[in-house]
Amino acid sequence: MTVTAAHLDPVSLAELTERAELQTRTDRKYVLPLDAAGDLMSRLDPATRVLEIEGERTFRYRSVYFDTPDLVSFRLTAYRRRRRFKVRTRTYLDSAQCWLEVKTEGYRGGTVKDRLPYDSSHHDDVEPGRWFVDDILGDDRFVLRPTLVTNYRRTTFYQPADDSRMTVDIGLTWTDVDGRELALPDVAIVETKTASSASPNDRLLWACGHRPVSISKYATGLAALRPGLPDVPWRRLLRRHLPC
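In this numbering scheme, every chain counts its residues from 1 along its sequence in written order. In view of the model being predicted, local features appear only for residues whose pLDDT reaches at least 70, and side-chain atom pairs are presented and counted only at 80 or more, with totals across whole chains, interfaces and linings using the full set of residues. As a rule here, side-chain values come from all non-hydrogen atoms in the structure, and water together with hydrogens is ignored.

1. Section: the overall build of the protein chain
Here is step 1: Secondary structure is summarised from DSSP: a helix means a run of H or I of at least four residues, a strand means a run of E of at least two, and numbering begins at the N terminus for each. A count of helices and strands for the protein chain gives seven helices and ten strands.
Here is step 2: When we talk radius of gyration, it's over C-alpha atoms, and the globule rule is simply 2.2 Å times the number of residues to the 0.38. Taken against the 2.2 N^0.38 rule, which gives 18 Å for 244 residues, the C-alpha radius of gyration of the protein chain at 17 Å falls within 12% of a compact globule.
Here is step 3: With the C-alpha coordinates of the protein chain rotated into their principal frame, the extents come out at 50 × 40 × 35 Å.
Here is step 4: Only protein chains enter the accessibility calculation, which uses a 1.4 Å probe. A residue is then buried if its area is under 20% of the maximum for its type, exposed if over 50%, and partly exposed in between. The buried share of the protein chain, taken over its 244 residues, is 52%.
Here is step 5: Here the contacts in the protein chain between residues at least 6 apart in sequence split such that 66% fall between residues at least 24 apart.
Here is step 6: Element-wise, carbon and sulfur atoms account for 48% of the exposed surface of the protein chain, whose accessible area totals about 11,800 Å².
Here is step 7: Charged residues are defined here as Lys and Arg on the positive side and Asp and Glu on the negative side; His and the ends of the chain fall outside this count. Throughout, a charge is located at the NZ atom of Lys, the CZ atom of Arg, the CG atom of Asp or the CD atom of Glu. Of the charged side chains in the protein chain, 38 are positive and 35 negative, and the gap between their average positions amounts to 7 Å. The criterion used for residue contact is that any of the two residues' heavy atoms lie within 4.5 Å. Every accessible area reported is derived by Shrake-Rupley at a probe size of 1.4 Å, with residue values counting cover from the shown protein chains alone.

See the structure below:
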């Protein structure tokens, strides 16, 4: 399945960035079967627009997540600590653009994402941008190494009514450093990104019977691939949706 929403008008990357960059934001995540995601697309507000670049509306993403040998980043998320963080490189495979990104928890639980343009040849090496990571985290003691790789295809929607975004990710695969891999071919991960309050797309999802769930592409994936790790925040989700 490809989420194209061909009936919706396009929005350019420049306009999307200008109107709804949302580097500090509230995220709500939903996990849907693919057919339910297709039904959602048909119900979107006709004013919704789809990111389009050179005629394409679905783009390939590859992220490499970095953690300490004892998985501090993972454990902070698993135990719901307030000062949790994630460090990753994100490569847009269709354009070969790469960013080094640090996500932290902001005031009142919002997400803050800081990013640095990065040489794609260093996608699996944090050291060239280590100064940036240390500056954001305020701590240079962490030893960081590649821990998990995600690949998926993303379609991004812009809602003019409140300048919010929604992403739909399909074809997700997780691969850890030991070569274990898990593919999720029948699942769509939908994420709304707003300044704070619920968006029209959130309300549509609720009306269709979907509720936000706790899922982290990094932490949930690592817990799925390594059964010995703590998985309480995602246990119900893993049993219901994921072929573990």
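2. What about the packing of aromatic side chains?
Here is step 1: Any two rings among Phe, Tyr and Trp, with Trp reduced to its six-membered ring, count as a pair given centres within 6.5 Å; such a pair is stacked if its planes are under 30 degrees apart, edge-to-face if over 60, and tilted if neither. This structure, assessed with the given rule, holds six aromatic pairs.
Here is step 2: Taken together, a centroid distance of 5.3 Å and an interplanar angle of 40° make the contact between Phe85 and Phe142 tilted. With a gap of 57 residues between them, Phe85 in strand β5 (residues 85–92) and Phe142 in the loop between α4 (130–137) and β8 (145–159) connect regions that are remote in the sequence.
Here is step 3: Consider the rings of Trp131 and Phe132, whose centres lie 5.9 Å apart with planes at 75°: the pair is edge-to-face.
Here is step 4: Grouped by ring-pair contacts, the aromatic residues Tyr61, Tyr92 and Tyr152 constitute a single cluster.
Here is step 5: One residue, Arg154, lies across the ring of Tyr61, its end atom 5.0 Å from the ring centre.
Here is step 6: By definition here, charges over rings are those cases where NZ of Lys or CZ of Arg is within 6 Å of the ring centre and within 35 degrees of the ring normal. The positively charged end of Lys217 is found above the aromatic ring belonging to Tyr152, 4.8 Å away from the centroid.

3. Some words on the side chain of Asp176
Here is step 1: The residue Asp176 is located in strand β9 (residues 164–176) in this model.
Here is step 2: Since its relative accessible area comes to 5%, Asp176 is described here as buried.
Here is step 3: Engagement of the side chain of Asp176 in a polar contact is seen with the side chain of Arg180, the distance being 2.7 Å.
Here is step 4: Contact partners of Asp176, with chain neighbours within four places excluded, come to Thr147, Leu148, Leu225 and Arg226. Distance and chemistry together define a polar contact, namely a pair of N or O atoms within 3.5 Å, with one atom able to donate a hydrogen and the other to accept it when in protein, and with adjacent residues in sequence counting only for side-chain atoms on both sides.

4. Focus: the pattern of salt bridges
Here is step 1: A side-chain nitrogen of Lys or Arg and a carboxyl oxygen of Asp or Glu constitute a salt bridge if their distance falls within 4 Å. Applying the stated criterion across every chain, the model contains 20 salt bridges.
Here is step 2: Its salt-bridge partner being Arg226, residue Asp176 comes within 3.8 Å of it at the nearest N-O pair. On the criterion of sequence distance, the pair formed by Asp176 in strand β9 and Arg226 in the loop between α6 (217–225) and α7 (235–241) is long-range, its members being 50 residues apart.
Here is step 3: Linked through salt bridges whose partners overlap, the residues forming this network are Arg88, Glu101, Lys113 and Arg115.

5. Some remarks on the UniProt feature "domain: VTC" (unreviewed entry) in the protein chain
Here is step 1: UniProt positions are given in the numbering used here, feature names are shortened, and annotations may be inferred rather than shown by experiment. Within the UniProt annotation, "domain: VTC" (unreviewed entry) is assigned to residues 25–122 and 144–225.
Here is step 2: As a span, residues 144–225 carries 21% helix and 51% strand, and end to end its C-alpha atoms are 20 Å apart.

6. Considering unusual backbone geometry
Here is step 1: One non-glycine residue, Glu54, adopts positive backbone phi at about 50°.
Here is step 2: With respect to the helices and strands, the residue Glu54 is situated in the loop between β3 (49–51) and β4 (59–67).

7. Points about the nonpolar core
Here is step 1: Buried Ala, Val, Leu, Ile, Met, Phe, Trp, Tyr and Cys residues that are joined via side-chain atoms within 4.5 Å together make up what is termed a nonpolar core. Grouped together as the largest cluster of nonpolar side chains are 32 residues, with contacts concentrated most on Phe74, Trp174, Tyr218, Leu222 and Trp234.
Here is step 2: Those elements that provide at least two residues to this core are α1 (13–20), β4, α3 (72–78), β8, β9, β10 (181–194), α6 and α7.
Here is step 3: Sorting elements by how many residues they give to this core places α6 first, with six residues.
Here is step 4: Setting aside anything within four residues of it in sequence, one finds Trp234 in contact with Phe74, Thr77, Ala78, Arg80, Ser214, Ile215, Ser216, Ala219, Thr220 and Ala223.
Here is step 5: Of all hydrophobic cores here, the second largest spans 19 residues; its members include Val50, Phe157, Val168 and Leu205.

8. Considering helix α2 (residues 34–43)
Here is step 1: For α2, the complete set of buried residues consists of Leu34, Ala36, Ala37, Leu40 and Met41. Down the axis of α2, the smallest arc covering the buried residues is 155°, so these residues share one side. Across α2 from its buried face, at more than 90 degrees, point the exposed residues Asp35 and Ser42. Taken from the helix axis, the directions to the C-beta atoms give the arc we talk about.

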